[in-house]
Amino acid sequence: MKLTNPPVIQSWIAIEFDPAPDKKTWDIQIANAFFLRHQNTLPHHDIAWVRHVEIKDFSPAKLPEIIPGKIEVNHVRGRNEQGTFWVQVSADDRLVCNITRGSGSYAGYEYLRDQAILMYIDYVELFKPTKVRRVDLHYVDLIEIPVPPDKKIKLEDYFEFYIKSPGKFDNMLACDISVALSTPRVRDAVEVRFQTEPMNENSNPYRFRMDWNLTCNQVETLDRDEIVRAL
């Protein structure tokens with residue numbers, strides 16, 4: 001039995017920018033300016049904060065004095081009603097567009113790419129970065145294999161990428177391996193991670209997760225067509 005089309009459960013495109021020379025201090029108002037443009041498609045928002053504290057006069061003899069510091073916005077995420085489309089903007093000049101399968105079918109790469117480019121256009125117009133530094137395309141596959149009566153499977157029957165246990169060991173209980181690969185494009189790299197996943201309580205398939213990440217470095221432009229070609 002060969003699994004030729006593993007189910008994609010989510011994918012995302014992440015774009016990292018070089019900021020504008022006069023970049024403003026990141027806060028909730030700046031992040032909200034982006035999401036106000038997408039109120040209809042991304043009505044729900046999550047905010048991640050970073051709270052700074054200072055600890056003084058620490059010793060075994062007494063409790064430390066904790067002085068509250070400033071609170072900074074790390075990133076803001078917006079999502080659609082179904083929770084299958086997410087967009088995140090971050091203080092570190094990063095835009096991420098994520099789609100998940102949810103309860104339906106996977107929307108596909110073209111949908112993700114088109115949505116990411118729409119968000120990219122607004123991001124560039126609003127935040128005015130000088131160039132794109134890096135672009136990542138990430139896929140997550142979840143593969144479920146029915147457990148046979150003897151509870152043994154050979155990974156080579158299902159995967160081209162796997163780990164084989166030494167002969168003196170009978171069963172592999174779990175695994176988590178990663179590999180980085182070069183591509184024909186010198187500036188690109190692919191990272192693949194293969195790992196076991198916990199089995200569901202209500203079903204008994206063996207479950208494996210595969211992460212595929214394509215990185216395009218040194219993009220060095222804001223040209224929209226070049227960003228698409230990088231993907």
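Scroll up to find the structure.
Reference entry: report on the structure contained in this document. (Residues numbered from 1 in each chain as written. Predicted model: local features only at pLDDT ≥ 70, side-chain atom pairs only at ≥ 80, totals over all residues. Heavy atoms only, no water.)

### Topic: the environment of E125
Relative to the helices and strands, E125 resides in helix α2 (residues 109-127). Looking at E125, the relative accessible area reads 45%, which means it is partly exposed. Spatially, the C-alpha atoms of E125 and F34 are 9.8 Å apart, while their sequence positions differ by 91 residues. Separated by 3.4 Å, the side chains of E125 and R37 make a polar contact. (Helix = DSSP H or I, 4+ residues; strand = E, 2+ residues; numbered from the N terminus. Buried < 20%, exposed > 50% of the residue type's maximum accessible area, 1.4 Å probe, protein only. Polar contact = N/O pair within 3.5 Å; in protein donor to acceptor, adjacent residues only side chain to side chain.)

### Digging into the nonpolar core
F34, V87 and L95 are the most contacted members of the largest nonpolar core, which has 34 residues in total. Tallying contributions element by element places α2 first for this core, with 8 residues. With residues up to four places along the chain from it excluded, the contact list for V87 reads F34, F35, L42, V76, R77, G78, L95, V96, C97 and M119. I143, I145, V190 and Y206 belong to the second-largest nonpolar core, a separate cluster that totals 13 residues. (Core = buried A, V, L, I, M, F, W, Y, C linked by side-chain atoms within 4.5 Å. Contact = heavy atoms within 4.5 Å.)

### Details of helix α1 (residues 28-35)
All of the buried residues along α1 are I28, I30, A31, F34 and F35. Down the axis of α1, the smallest arc covering the buried residues is 165 degrees, so these residues share one side. In this structure, the buried residues of α1 make contact with β2 (44-56), β3 (65-79), β4 (85-90), β5 (94-100) and α2. The opening residue of α1 is D27, an N-cap whose side-chain oxygen sits 3.2 Å from the backbone nitrogen of Q29. (Arc of directions from axis to C-beta.)

### Some remarks on the pairing of β4
For β4, the buried fraction is high: 6 of the 6 residues fall into the buried class. Here β4 shows a buried face lined by F85, V87 and V89 and a second buried face lined by W86, Q88 and S90. Hairpin connection between β3 and β4: a loop of 5 residues separates the two successive antiparallel strands, and G83 in this loop has a positive phi of roughly 75 degrees. The pairing of β4 with β5 spans 6 bridges and is classified as antiparallel. If you follow W86 over to β5, its bridge partner there is N98. The loop that links β4 with its antiparallel partner β5 comprises 3 residues; one of these, D93, has a positive phi angle of about 65 degrees. (Pairing = 2+ DSSP bridges.)

### Re a nonpolar patch on the surface
Judged by side-chain polarity, I47, W49 and I71 come together as a nonpolar surface patch covering roughly 300 Å² of accessible area. Note on I71: relative accessible area 42%, which makes it partly exposed. (Patch = residues over 30% accessible without salt bridge, like charges linked within 9 Å, V, L, I, M, F, W, Y side chains within 5 Å. Areas by Shrake-Rupley, 256 points an atom, 1.4 Å probe, with all protein chains shown as cover. Salt bridge = Lys/Arg side-chain N within 4 Å of Asp/Glu carboxyl O.)

### Points about unusual backbone geometry
Not every positive phi belongs to a glycine, and Q218 is a case in point at roughly 55 degrees. When you line up the elements, Q218 lands in strand β9 (residues 206-221). Under the relative-accessibility criterion, Q218 is labelled exposed at 58%. We note that E220 has phi near 60 degrees; this positive angle belongs to a residue other than glycine. Note that E220 resides in strand β9.

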